[in-house]
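These are the residues of each chain, in order.
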Amino acid sequence: MSQSETDARPDSDEVKSAAAATTSDESGPSYLTVTKTFSSWAFTLDHKRIGLMYLIGVLFMFLLGGVFALLVRTELFSPLAMITPLFADTAEAQADLYNKWFTTHGAIMVFLVIIPGVPAALGNFILPLLLGAKDVAFPRLNLGSFYLWVIGAIFFVYVLFSGGIDTGWTFYTPYSAESGTAVIPALIGVFILGFSSIFTGLNFIVTIHKMRPKGMTWFKMPLFLWATYSTAVIQVLATPVLGITLLLLILERSLGIGIFDPRNGGDPVLFQHFFWFYSHPAVYIMIVPPMGVVSELIATHSHKRIFGYTYIAFSSVAIAIFSFLVWGHHMFTSGQSTTMSIIFSGITFSVGIPSAIKVFNWLATMYKGAIVLNTAMLYGISFIFLFTIGGLTGLFLGVLSIDTHLHDTYFVVAHFHYVMMGSGLVGFIGGLHHWWPKITGKMYDEFLGRIGCILVFIGFNLTFIPQFVMGSLGMPRRYYTYADKFEVYHQLSTVGSYVMAAGFFLTAYYLIQSLISGKKAPMNPWGGNSLEWHTPSPPPLENFHTVPVATDPYDYEGLEYDPATGNYDTKRTG
Amino acid sequence: MIQVPILLADSEPSFWLPAPVSNFAGPIDGDFYFVYWVSIFFLVLITLLLGYFMWKFRTPPGAHAQSHKDHHIVLEVVWTGIPIILSVMMFWYGYRGYVDMTVPPNESISIVAEAQKWAWNFSYASNGASIPGMSDDFNVVRAQVRAGEINAEQAEAAEAKILEKAGLHVPMGVPIDVTVMAADVLHALFIPAFRVKKDCVPGRTGKLWFIATEPGIFDLFCAEYCGQGHSWMHSKVVVHETVEEYEKWLEVAGSYDETLPFDENGKIVWKRRGCISCHSIDGSKKVGPSWDGMFGSTRKFTTTGTPGEAMADEAYIQESIRFPMKKIAEGYPPQMPVVKLTDKELLWVTEYIKSLSQNSGGTESPRKEN
Ligand code: HEM
Ligand SMILES: [Cu+2]
């Protein structure tokens, strides 16, 4: 594939008509309205349309994964059977059903929501805009990546209708080799999603290398680009390992090749090594892009230069590198050699340091800023708080002696929800609010927005703080029923999940409402200075009417707020 | 390095941790609280700064920042350096604790813990006694408590009764060396009160050891997901106050009452050795075929891929137990583990299966009732 593909759009009619429109009217048709046929969406090569389709898909899958989360939490409200009896008669069948629910929840959230969330949905939309480019380097590959995601999602839906899967999202052998559920279709789904992720990563690497505008050196890039770049490297290097592992597991199940199943002479611990060799880096695929989002949110809404730019940039790179070297911390009790556990534990702490550096630099960015506490910023602040808890509790788990006690308990469940949901997803939702006016051209209700954010924040903490406590008290994870002494913690947690759900439904409500009756968004509603704020909301098909020159993304002094339009206008100073 | 952590450990059950009753609980809790207080310090610091900045520097849209200072090398060094130092300390404490946990002392009591779907079995090296976990019986008691049929005191008595011939029993103050194994899929032996955990990996053996420091009865869980019965695969650890008491228990518990009829002992084998978790005696289908009416019936099976048929006589049944993978009953997954029964156990359980074809019946154990 060559670079010239960027310009070789088959839908060149579209381009012409768009170009014609813009010459006549400054704010001519946007990428949303320039063509209206179904095929102009289904076969579009425009990164914004692909990003938007990804966004809709990801949000829909978030709803589906969320329904399973609520089923799981409702079931756990009591150690007695709560809602499984509605669907199954015997105690055994009810337990099976619960196991399918938590597996489906986890697999959907990880593979279909959080991994593609920021990079593929938001990143696709925003990355070329940040670069002042017309599109990503390989638009066709981009569309291919989206369709692979769709096919992966279809496999998941198929799994749901063909009886579900009960292995947990980790697919540990030998259980996954013998479980009677639809394991193979799910593995194929994840395999395909892996390629979707690799394609996005490849595209971003090339785009960032090749398509930066004049004047934008590496250290003048917005930090979001550093984050997506580091992530893309992980996606390209780690995901193939997952793919091969899943293929081997498929062969193990279908042909009994004896690599992971001890009954055929295989080694189940080998599977864990392979799985985490991908899946630990993958947790950084889930968190580094949202960190990039938060760097943009905090700087923009504080209207202050980002503090410690180089430190934040390098910490993303450091995380990407170290993330390949710590997978064994998921296996401290598996029987891997003691020496290996010690080495993995040591390196694990090296991942915590760059995370801490980021948090402190964000705080310093807020100091003496002009902080506008709108919805996007509230999500950014929630992120800092929740990520702090997520990172700090990671330290407990990295300490060998403590992890012996905490491994496979609810403490781990709470830890990874703080980082994957409290940080990863909250960062994604924050970014969604930040770029919503740019994507849709509409402003949403800020009042409801803040209420929604606060509900999510309170609900989230109420859901997961009790899980830390019951976990360290000894409650194992993936339990359908549990000892009575843990009941009160589960009840708090379930109530919390309802509060959080209320927050998300409210969010869905006002976002949809904004599409129908929202105020028209100005070009630059928040006072950002990266390039996406220098083009209309929503942008025209070719992104910019005139080829933009690189700005200093964190210089906010040249912008003046106009209360009448709600826009930050560029000051023309001498 | 200085051993601060141990000073931080509680000696009672606390908000965060269960009662510490092994030699490892103190040090591990100390490590836990060290990380905990460091975390609380940073969480409070960060939260206060966040809250203060949010409040102090909040403005309506349109204002400009008061300063654009965007780097400060001393700050960067400080907030990189302090976490590094604290991390090294945490790593070091954890490493020390972990290494202690990997090497059992020589003069310890050896017990083998075998996990299978979904039952525990503990074999005692000193007399070969094989004692079941009896998850199902504990589940029955719990169900009765929740249904209000018995009160807490009666439940305690019922559990004590079960524990006469079940559970992991150890004496206080003596190192116990537990070898863990799994017959089918991954499991993990987890005793929260002792702060120990080890994965049971099929095809491998694992080790954990501890010294119990207080007498009592404590939870034992399966911590690694193993399918349908994962959450009801639990048992108890009983810590006896003296070695004599423990040995007395072991002698009684490890023996069958040979004066009982064969089929009655067979029923005990069914429960003790975990057959119960996959084979019902009332005709209901579980992972494996029910034993109800099995004896004397015609069985369809496949053997290395070819279908076959046979009458379930004594030879058939004993072969199925000794070599479960040889003939796979039609309609069931090839999942039965090899459970090593003694000759007598095999005889008794065969008699028991036989008896089930004469008069059907028996009770199912409720797990999570509706
Ligand atoms: C300060 C940084 C972090 C440290 C030191 C850390 C440490 C750990 C350790 C040691 C475990 C294994 C616990 C166990 O299974 O016993 C773990 C589990 C996990 N962590 Fe982290 N972590 C950190 C940050 C993150 C981040 C940023 C993410 C994701 C966005 C994340 C996601 C996860 C997940 C998904 C699991 C467990 C998955 C499972 O077993 O299903 N962690 N973490
Ligand atoms: Cu990890």
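Here the structure is shown first, and the text comes after it.
Here goes a summary of the coordinates provided. Remember, predicted model here, so these are calculated numbers, not experimental data.

All names here are of chain A. The environment of ligand 1 is formed by 21 residues, the closest being Trp 169, Asp 403, His 407, His 415 and Arg 477. Interatomic distance of 2.7 Å between a side-chain N/O atom of His 407 and an oxygen atom of ligand 1. The set of elements that each furnish at least two residues to the shell around ligand 1 consists of helix H9 (268-302), helix H11 (338-366), helix H12 (375-398) and helix H14 (410-440). Per-element tally for the shell around ligand 1: the top contributor is H14, with 5 residues.

All names here are of chain B. Taken in spatial order, the 3 strands make up an open sheet running E12-E11-E13, and their pairing is antiparallel. Since the sheet does not close on itself, it has two edges, and those belong to strand E12 (306-311) and strand E13 (328-329), each with one partner. Relative to E12, strand E11 (residues 298-303) is paired through 6 bridges, and the arrangement is antiparallel. Its bridge partner lying in E12, Thr 298 is registered against Met 311.

With that settled, the discussion passes to the interface of chain B and chain A. In this complex, chain B contributes 89 residues to the contact, which on the side of chain A involves 104 residues. Of the roughly 8600 Å² buried at the junction of chain B and chain A (both faces included), carbon and sulfur atoms supply 66%. Our enumeration of links across chain B and chain A arrives at 7 salt bridges. In this structure, Lys485(A) and Asp219(B) form a salt bridge, with 2.4 Å as the shortest nitrogen-oxygen distance. Here chain B is connected to chain A by 36 residue pairs in polar contact (both at pLDDT 80 or more). Residue assignment for the side of chain B that touches chain A shows that the elements contributing at least two residues are helix H2 (25-56), helix H3 (73-102), helix H4 (135-146), strand E7 (196-200) and strand E9 (216-222) of chain B. The residue makeup of the side of chain B that touches chain A, split by class, is 46 nonpolar, 23 polar and 20 charged.

Okay, a nonpolar patch on the surface next. Residues and elements named next belong to chain B. Taken together, the side chains of Ile 73, Val 74, Val 77, Val 78 and Ile 82 make up a nonpolar region of the molecular surface, amounting to roughly 440 Å² of accessible area. Locating Ile 73 in the fold gives a position in helix H3. The class for Ile 73 is exposed, based on a relative accessible area of 53%.

This paragraph deals with the pattern of salt bridges. Considering all chains together, one arrives at 22 salt bridges over all chains under this definition. For Asp70(B), the salt bridge goes to Arg305(A), with nearest N and O atoms at 3.6 Å. Residue Asp70(B) is found in the loop between H2 and H3, and its partner Arg305(A) is found in the loop between H9 and helix H10 (309-322); the two belong to separate chains. The class for Arg305(A) is partly exposed, based on a relative accessible area of 22%. Across the pair Lys326(B) and Glu319(B) runs a salt bridge whose closest N-O atoms are separated by 3.5 Å. It is possible to trace a salt-bridge network through shared partners that takes in Glu178(A), Asp261(A), Arg263(A) and Lys117(B).

With that out of the way, let us pick up the environment of Phe262(B). Residues and elements named next belong to chain B. Among the structural elements, Phe 262 can be located in helix H7 (residues 262-272). Judged by relative accessible area, which is 42%, Phe 262 ranks as partly exposed. It is 9.2 Å that separates the C-alpha atoms of Phe 262 and Glu 345, two residues lying 83 residues apart in sequence. Those residues in contact with Phe 262, other than ones at most four positions away along the chain, are Leu 347, Trp 348 and Glu 351.

A few words now on unusual backbone geometry. Following Ser537(A), the chain continues into Pro538(A) via a peptide bond in cis, with omega recorded as -10°. Within the fold, Pro538(A) resides in the loop between helix H16 (487-517) and strand E1 (559-562). Residue Lys117(B) is joined to Trp118(B) through a cis peptide bond whose omega torsion reads -10°. We note that Arg478(A) has phi near 60°; this positive angle belongs to a residue other than glycine. Here Arg478(A) shows up in the loop between helix H15 (446-472) and H16. For Arg478(A), a relative accessible area of 10% puts it in the buried group. Phi is positive for Met134(B), which is not a glycine, with a value near 60°. Tracing the backbone through its elements, the reader meets Met134(B) in the loop between strand E3 (130-132) and H4. Residue class for Met134(B) comes out buried when judged on its relative accessible area of 14%.

Calculation notes
- Sequence order as written defines residue numbering, which begins from 1 separately in each chain.
- Throughout, the order in which chains and ligands are written sets their labels, letters from A for the former and numbers from 1 for the latter.
- Totals for whole chains, interfaces and linings use all residues, but because this is a predicted model, local features are given only for residues with pLDDT of at least 70 and pairs of side-chain atoms are given and counted only at 80 or more.
- To get the side-chain values, all heavy atoms of the structure are used, and hydrogens and water are removed first.
- Note on terminology: near, applied to a residue and a molecule or strand, indicates that one of the residue's heavy atoms is within 4 Å of it.
- Polar contacts, as counted here, are pairs of nitrogen or oxygen atoms within 3.5 Å of one another; within protein the pair requires one atom able to donate a hydrogen and one able to accept it, and residues that are adjacent in sequence qualify only if both atoms are side-chain atoms.
- Per the convention used, a helix needs a DSSP run of H or I reaching at least four residues, while a strand needs a run of E reaching at least two, with both numbered from the N terminus.
- By this definition, two strands are paired if DSSP reports at least two bridges between them.
- Pairs of residues are marked as contacts when any of their non-hydrogen atoms sit within 4.5 Å.
- Buried area adds together the accessible area that both of two parts lose upon being put together, with accessible area traced by a 1.4 Å probe.
- Any Lys or Arg side-chain nitrogen found within 4 Å of a carboxyl oxygen on Asp or Glu counts as a salt bridge.
- Gly is put with the polar residues, along with every residue not named as nonpolar or charged; the nonpolar set is Ala, Val, Leu, Ile, Met, Phe, Trp, Tyr, Cys and Pro, and the charged set is Asp, Glu, Lys and Arg.
- What makes a patch is a set of residues exposed beyond 30% relative accessible area and free of salt bridges, joined within 9 Å when like-charged and within 5 Å when nonpolar (Val, Leu, Ile, Met, Phe, Trp, Tyr).
- For accessible areas, the Shrake-Rupley method is used with a probe of radius 1.4 Å. Any residue's cover is judged against the shown protein chains and nothing else.
- Relative accessible area decides the class of each residue, using a 1.4 Å probe on protein chains only: under 20% of the type maximum gives buried, over 50% gives exposed, and in between gives partly exposed.

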